[in-house]
Amino acid sequence: MIPELEADPSDTQSKFTVLRRPPSIQPSPASLAEVTGFVVVGMRQAYPKLHYMSKEIIINTTPKETRIAIVDQGKLVEFYIESPENERTVGDIFLGRIVTFRSGLRAAFVDIGEEQQGFLHFSDLASNLEQQLAFVEESKPHVARFMRTWLSKHPEASSQKDSSRRRWGDSNLLKSKQKILVTITKEPYHSKSPRLSTDISLAGRFLVLIPLAEYGAVSKRIESRKERNRLRSIVKKIRPAGFGLIARTVAEGRDEEALEKDLQLLMDRWENIEKSLQGSQDAPKKLHEDVNLASSIIRDLFSDDFTRVLVDNHRMYRAIRGYVLAVAPHMIHAVKEHKGNHPIFAAAGIEDQISEVFDTQVGLPSGGSLIIEATEAMHVIDVNSGRTRTKKDAESQALKVNLEAVGEIARQIRLRDLSGLIVVDFIDLRFESNRKKVDDTLTTALQADRVQSQNFPMSELGIVQIARERKRVSVTSTHRLARKSRINRVPPPNPDFIARKIERWLEKHDGGSLHLQVHPLTAAWILRGGWFRSRKAKWQRQYKHRIRVVETESLTPDEFRFLDAKSEHDITDLSPRMVRIKAQAKQNSSKKSSPTTKKKDQSGSQRDQNGQAPGKPKRRRPQKTAVNA
């Protein structure tokens, strides 16, 4: 039995805190990573090469975008980017208006007020469609009152209140130009419209609230029968009239008080939706905007398994801390604010792994590699054996490389958020038993992904097809350079790297007035700290330059250009000697073009040094004569 040691939160001087250790072993940097049962917190900056058994959420926020990394045991497993051009829209609720029907597609297009019309397939019509269509026509919509009236007029509906909500609604109820409640289930993808559904719900931390329904349920992922019965009794007790209520997987082990708090937050959101609907004759209209990407990840993923949530933005840190304090106060100690001098991803030791997300080629430990390509219709992954290919026992060697590639393929699919159809070209295997072994290993590896996927058996040519549900556009598809279909590398900004390059340039050049052109993200980092503490102020004092920072969108975060403040000439690539020569030449030319010392009168004639025009006698003052008394 390993004794547990309590960590002191006020101890900020030590570089690491050991939470568990055998009493006979003294902790040391060399032994901490080897002893089983050790949980090490806060050592990543001091000893970045050690491996840590932990799960973390790292959030980097800038004025332009938010980047979120999920780390499991020191390895990056999920990575997301959200920007104003690529905001999360899944879960948003609209009052839309039906524009047209497509009988061949068994779908309707709905105007929701966005750039693209929404695509509503008839299979996405909820079973309570008739109630929803009547509900939106109410002048003062109120779910509980409406459901009482509806059940009194339609007594046959009361016998179906416990039926599954996945049953299709009747498409014959839909009419052109009709108002309808819809929610976005899939974001738009290239030229495809956003996928809509009439299955309206509000997701909370522990519960899912379904208006215009009369049932309670528990997530199927909770396997314990005793726990399911306990949660089912709580849901039945606290469920509001006119609403359905589902206990999520993270509700396992939570008491009734925690579930009631979460339910109250959901009811407040629905009341705001009802207020927006009151007297609303204009459609389309957005009724509810779901939480942003960072908040949704904290809501859906953050659990007792995570040891830390690290945020580098104070405002977001306070928002996340307030939310966790409301729904899971026992986990508030895991929410941390990053205040170090290094960028947050570098401090967490995952900066290189993030750069690899945008690489086309991914290496394997045995020397093989994966080539990941993106096309309009699918993603293609090719397994290469590399230097591991030998003529002796080629079958066993191919099986070894394929099994090694399976784990990395499952990780890359989850990391890059690849979705839709994914085709994997494995190394050819002759025996059916070996192909089945690869199939079974891939199925097991894909089960760790929270997004539903299905893989089909390997063909004789080594081809495996994977169908993965699409929720959003892949991060590599959204943020890659637009050149054909290749996934080009877009390195994340590294302020320390560009700062060193700028300082080396300033060390070589003499003082003067300069314009420094950098990417807006880099500019924000250089100017952070105010006029005295910023990196720019430090450079001005140290190198005797007067610097003006200019934001330039055309530059990448790791590029910079220096311009002469007077001439606006680019001097970045010039040597210090050439900069001095150009400055001296400019100074000499300015002297030559200076005005002459001779004065000119209004008629343009020159005057001599006494101010007298040539050809005219000098004007003499009359002399005073002495007057005798």
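Residues numbered from 1 in each chain as written. Predicted model: local features only at pLDDT ≥ 70, side-chain atom pairs only at ≥ 80, totals over all residues. Heavy atoms only, no water.

A.B. asks: I'm lost on the packing of aromatic side chains in this one. Help?
C.D. replies: Aromatic ring pairs are defined here through the distance separating the ring centres and the angle between the ring planes. Tallied over the entire structure, the rule returns nine aromatic pairs. Ring geometry for Phe135 versus Phe146: centroids 5.5 Å apart, planes at 75°, classification edge-to-face. With Phe135 in helix 1 (residues 129–135) and Phe146 in helix 2 (residues 143–153), this residue pair connects regions lying eleven residues apart in the sequence. A relative accessible area of 0% means that Phe135 is categorised as buried. Arranged with centres 6.4 Å apart and planes meeting at 25°, the rings of Phe135 and Trp270 form a pair that is stacked. Pair noted here: Phe135 is in helix 1 and Trp270 is in helix 4 (residues 256–277), with a separation of 135 residues, a long-range link. The pair formed by Phe135 and Trp270 is uniform in burial state, with each residue classed as buried. Site record: aromatic cluster; members linked through ring pairs are Phe135, Phe146, Trp150, Phe243 and Trp270. Geometry around Phe306 places Lys55 over its ring, the cationic atom sitting 4.7 Å from the centre. (Phe/Tyr/Trp six-rings, centres within 6.5 Å; stacked < 30°, edge-to-face > 60°. Helix = DSSP H or I, 4+ residues; strand = E, 2+ residues; numbered from the N terminus. Buried < 20%, exposed > 50% of the residue type's maximum accessible area, 1.4 Å probe, protein only. Lys NZ or Arg CZ within 6 Å of the ring centre and 35° of its normal.)

A.B. asks: Would you mind going over the pairing of strand 24 (residues 512–518) with me for this structure?
C.D. replies: As a general feature of sheets, a regular strand has side chains that alternate between the two faces. Across seven bridges, the pairing between strand 24 and strand 25 (residues 545–551) is parallel. Paired with Val518 across the two strands is Glu551, which belongs to strand 25. Pairing geometry for strand 24 and strand 26 (residues 560–564), over five bridges, is antiparallel. Bridge pairing in strand 26 places Leu516 opposite Phe562. (Pairing = 2+ DSSP bridges.)

A.B. asks: What am I meant to see in the sheet that holds strand 13 (residues 216–218) here?
C.D. replies: Hydrogen bonds between backbone atoms are what pair the strands of a sheet, whose relative direction is either parallel or antiparallel. Ordered in space as 11-12-14-13, the four strands form an open sheet in which the pairing is mixed. Of all the strands in the sheet, the pair left with one neighbour each is strand 11 (202–203) and strand 13. Sheet topology note: the strand 11/strand 12 (residues 207–211) ladder contains two bridges and is antiparallel. Bridged to Ala203 within strand 12 is Val208.

A.B. asks: It is not clear to me how the packing of helix 13 (residues 520–527) against helix 15 (residues 535–543) should be interpreted in this structure. Could you clarify?
C.D. replies: Interaxial distance between helix 13 and helix 15 falls to 5 Å at its minimum, and their mutual angle equals 65°. What the angle tells us is that helix 13 and helix 15 run roughly perpendicular. Contacts between helix 13 and helix 15 involve Trp525, Ile526 and Leu527 on the former and, on the latter, Arg535, Lys536 and Trp539. (Axes fitted to C-alpha atoms, helices over the stretch in contact; angles between N-to-C directions. Parallel < 35°, antiparallel > 145°, perpendicular 65-115°, else oblique. Contact = heavy atoms within 4.5 Å.)

A.B. asks: How should the sheet that holds strand 18 (residues 361–363) be read in this particular structure?
C.D. replies: Ordered in space as 18-19-20-21-23-22, the six strands form an open sheet in which the pairing is mixed. With partners counted over all chains shown, the strands left at the sheet margins are strand 18 and strand 22 (453–455), one partner each. Taken pair by pair, the neighbouring strands of this sheet meet at an average axis angle of 20°, ignoring direction. Its contacts with the sheet place helix 9 (residues 394–416) against strand 18, strand 19 (369–374), strand 20 (378–384), strand 21 (420–425) and strand 23 (463–468), and it is angled at close to 150° to strand 20. Seen against the sheet, helix 10 (residues 432–446) touches strand 22 and strand 23 and runs at an angle of roughly 175° to strand 22.

A.B. asks: Please clarify how helix 12 (residues 495–508) should be interpreted in this entry.
C.D. replies: Three or four residues apart is the spacing at which side chains of an α-helix point the same way, because the helix has 3.6 residues per turn. When the terminal C-alpha atoms of helix 12 are compared, their 20 Å separation across 14 residues agrees well with the 20 Å that a helix rising 1.5 Å per residue should span. Restricting attention to buried positions, one finds in helix 12 the residues Pro495, Asp496, Ile498, Ala499, Ile502, Glu503, Trp505 and Leu506. Buried residues in helix 12 make contact with strand 24, helix 13, helix 15, strand 25 and strand 26. (Expected span 1.5 Å × (residues − 1).)

A.B. asks: What should I look at first to understand the pattern of salt bridges in this one?
C.D. replies: Pairing between side chains becomes possible if they bear opposite charge and their charged atoms approach one another. Scanning all chains against the criterion turns up 19 salt bridges. Across the pair Lys237 and Glu256 runs a salt bridge whose closest N-O atoms are separated by 3.3 Å. Of the two residues, Lys237 is situated in helix 3 (residues 225–238) and Glu256 in helix 4; the sequence distance between them amounts to 19 residues. Classification of Lys237 as exposed rests on a relative accessible area of 61%. Overlapping salt bridges, with partners in common, bring together Arg248, Asp290, Arg299 and Asp300 in one network. (Salt bridge = Lys/Arg side-chain N within 4 Å of Asp/Glu carboxyl O.)

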